[in-house]
Amino acid sequence: MDPSRTFFTQAVHAGMEDNPEAHGKPVSVPIHAAVTYTYEKMEDLSAALHENRGYCYARYGSPTVSALERAVAELEGTEDAAAYASGMGALHGAFAQAGITPRRPVLSARNIYGATDVLLRRMFAAQEALHFVEITAEAAWKAAIERLRPAAVFLEIISNPLLKIPEVPEIVRWAHRHDALVIVDNTFATPFLYRPAADGADLILHSATKYFGGHGDVLGGVAAGGAERVRELRFQQRSFGANLGPFEAWTVLRGLRTLPLRMREHCANALQVASWLQRQPMISRVIYPGLPDHPDHGRAARLFRPGCFGGIVSFEIRHAGQPEVFRFMEALRLILTATSLGDVYTLLLYPAQSSHHALGSEERLRQGISDGLLRLSVGIESAEDIIADLDQALRRI
Ligand code: PLP
């Protein structure tokens, strides 16, 4: 730097001329924290601002976030992806862009994540542009699509918390016949189990907070889909905001590197835990798509990676209401009682208390979510240790 410059100027500009990438190619994607970009030629700045060539301002895109977006697109088998500050940010962006009106409403599966249910009601209920259908009722989907001519249909690949699995290829076929956009939340399955784009889904959404990040230390979301659709989402993001930051993008990207290894363990452990729970007299109901008695087991086996049914197990403690469930939760020593899923740690959530609290008890019961139902996100600890903890806590109810 010019030595005649003052210490004040030095403090602001020192070190800026050194380009670390000139010393070799880094093996992990660098965290590009810059918010704004400078160009020597003003035509290049204009191209970055108006033609999407190069970066200009972080709300319009930035290199570390782009790296994550490319990675998710590749894993989901889509042309592109847009990252968001949270899964809810991605869901909001997708619904806001889907052209939903009272004449062309959104048709959603009924058993969905509680906050998504609330979001849909907030965005569309007042204008009567929202309809629900039972997620696994194929004839009902077909009839509702034909009757309503929705602009979009929405479903979760593994529903929350009842772990129902919809007949995606058929729903996509009916939806596309009537020009409806198919938006799916693939958070629970991840592309390790299932790639909805291969069956024609248009927008694949993720809470990257869950299996993508995998360690309970980052909040993020992603929407993956065709190039044109994602371009529109990015354009919309310029005014909506809700962008993912570079540090978060880097953390999710690091999580993705071990996604298949973690998913393999989650799936194997979940099957062991579910099979054990099924043998316990204190457990009245075990819901896991990997169990042959799960109503959608055959469909899961057909759609998902062979032998993999996800890391979530839901179960009901016999004759239990909130007091018994609370005693059970407080007795756990290894399993963490926390409102998330998809982490390396085993996490237990009580839907009536957290994810589905906002629905109210009447709607919860209507959806089959009783006050004794718990959702276990099985981690990658040893299955024996997870089972031992469940066992000792059940004895202390
Ligand atoms: N979709 C599903 C299936 C979820 O479970 C969650 C959060 O639990 C979300 C979306 C929302 O994601 P986030 O918490 O990252 O906003």
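Note that the structure is predicted; figures quoted are calculated from it, not measured.

1. Describing the pairing of strand β1 (residues 80–84)
- Buried residues dominate β1, accounting for five of its five residues.
- Here β1 shows two buried faces, one formed by D80, A82 and Y84 and the other by A81 and A83.
- Alignment of β1 against strand β7 (residues 221–225), held across five bridges, turns out to be antiparallel. Within β7, the residue paired with A83 across the bridge is V222.

2. Quick word on the packing of aromatic side chains
- Across all of its chains, the model carries seven aromatic pairs by this definition.
- With a centroid separation of 6.2 Å and an interplanar angle of 85°, the aromatic rings of F315 and F328 are classed as edge-to-face. Here F315 is found in strand β9 (residues 312–317), whereas its partner F328 is found in helix α13 (residues 322–331), with 13 residues between them in sequence.
- Residue F315 is classed as buried on the basis of its relative accessible area, which comes to 1%.
- Relative accessible area serves as the criterion here: at 0%, F328 is assigned to the buried category.
- Among the aromatic residues, ring-to-ring pairing joins F95, F124 and F154 into one connected group.
- For R305, the ring lying beneath its charged end belongs to F192, and the centroid distance is 4.1 Å.

3. Description of the domain arrangement of the protein
- If you check the domain split of the protein, you get domain 1 (59–256) and domain 2 (259–396).
- Computed from C-alpha atoms alone, the centre-to-centre distance between domain 1 and domain 2 is 24 Å.
- At the junction of the two partners, domain 1 supplies 40 residues and domain 2 supplies 45 residues.
- Buried surface at the junction of domain 1 and domain 2, both sides included, amounts to about 3,300 Å², of which 63% is carbon and sulfur.
- Put simply, domain 1 and domain 2 have three salt bridges between them.
- The closest approach of N and O atoms between R299 and E138, which form a salt bridge, is 2.9 Å.
- Contributing elements (two or more residues each) for the side of domain 1 that touches domain 2: α5 (114–125), α7 (168–177), α8 (190–193) and α10 (246–257).
- Partitioning the side of domain 1 that touches domain 2 into residue classes produces 21 nonpolar, eleven polar and eight charged.

4. Describing the packing of helix α11 (residues 259–278) against helix α15 (residues 383–395)
- Across the interface, α11 lies against α15 with an axial gap of 9 Å and an inter-helix angle of 30°. Here α15 runs roughly parallel to α11, going by the angle between their axes. Read as a crossing pair, α11 and α15 show a hand that is right-handed. Side by side, α11 and α15 meet where N269, Q272, V273, W276 and L277 of the first sit next to A383, E384, I386, I387, L390, D391 and L394 of the second.
- By residue class, the composition of the contact of α11 with α15 is eight nonpolar, two polar and two charged.

5. With respect to the environment of Y84
- Of note, Y84 is situated in strand β1.
- A residue is classified by how much of its surface remains accessible, and Y84, at 2% relative accessible area, is buried.
- Taking C-alpha positions, Y84 is 25 Å from R110, a pair spaced 26 residues apart along the chain.
- Among residues more than four places away in sequence, those in contact with Y84 are G89, A90, G93, G220, G221, A223, L233, Q236, Q237, A242, N243 and L244.

6. With respect to the pattern of salt bridges
- Under the defined criterion, the tally for this structure stands at 16 salt bridges.
- Here D391 ties to R395 by a salt bridge, and the two come within 3.0 Å at their closest N and O atoms. Of the two residues, D391 and R395 are both situated in helix α15; the distance of four residues between them amounts to about one turn of the helix.
- Residue classification places R395 among the exposed positions, given a relative accessible area of 64%.
- Through salt bridges with shared partners, one network takes in E138, E167, D296, R299 and R302.

7. A closer look at the site of the ligand
- As a structural note, the neighbourhood of the ligand is formed by 15 residues, with M88, D185, S207, T209 and K210 the closest of them.
- With respect to the ligand, the side chain of D185 contributes an N or O atom lying 2.6 Å from a nitrogen atom.
- Between an oxygen atom of the ligand and a side-chain N or O atom of S207, the distance comes to 2.8 Å.
- Expressed as a share of its isolated accessible area of 390 Å², the protein-covered part of the ligand is 91%.
- Ranked by residue count, the leading element in the shell around the ligand is helix α4 (residues 87–96), at three residues.
- Residue classes in the shell around the ligand are distributed as six nonpolar, seven polar and two charged.

8. Concerning the side chain of S355
- Structurally, the position occupied by S355 is in the loop between β11 (347–349) and α14 (361–366).
- A residue is classified by how much of its surface remains accessible, and S355, at 11% relative accessible area, is buried.
- Among the polar contacts listed, one links the side chain of S355 to the side chain of H356, at a separation of 2.7 Å.
- Apart from residues lying up to four places away in sequence, S355 is in contact with Y113, G114, A115 and L349.

9. Topic: unusual backbone geometry
- Residue P161 follows N160 across a cis peptide bond; omega there is 5°.
- Topologically, P161 is positioned in the loop between β4 (152–156) and α7.
- In this structure, E128 takes a positive phi of about 55° despite not being glycine.
- With respect to the element layout, E128 can be found in the loop between α5 and β3 (130–133).
- Of note in the backbone geometry, D179 takes a positive phi value of approximately 60° without being a glycine.
- Note on placement: D179 falls in the loop between α7 and β5 (181–185).

Conventions and cut-offs
Residues numbered from 1 in each chain as written. Predicted model: local features only at pLDDT ≥ 70, side-chain atom pairs only at ≥ 80, totals over all residues. Heavy atoms only, no water. Buried < 20%, exposed > 50% of the residue type's maximum accessible area, 1.4 Å probe, protein only. Helix = DSSP H or I, 4+ residues; strand = E, 2+ residues; numbered from the N terminus. Pairing = 2+ DSSP bridges. Phe/Tyr/Trp six-rings, centres within 6.5 Å; stacked < 30°, edge-to-face > 60°. Lys NZ or Arg CZ within 6 Å of the ring centre and 35° of its normal. Domains from an automatic or database assignment. Contact = heavy atoms within 4.5 Å. Buried area = accessible area lost by both parts, 1.4 Å probe. Salt bridge = Lys/Arg side-chain N within 4 Å of Asp/Glu carboxyl O. Nonpolar A, V, L, I, M, F, W, Y, C, P; charged D, E, K, R; others polar. Axes fitted to C-alpha atoms, helices over the stretch in contact; angles between N-to-C directions. Parallel < 35°, antiparallel > 145°, perpendicular 65-115°, else oblique. Left-handed = near helix turned anticlockwise from the far one by under 90°. Near = heavy atom within 4 Å. Polar contact = N/O pair within 3.5 Å; in protein donor to acceptor, adjacent residues only side chain to side chain. Areas by Shrake-Rupley, 256 points an atom, 1.4 Å probe, with all protein chains shown as cover.

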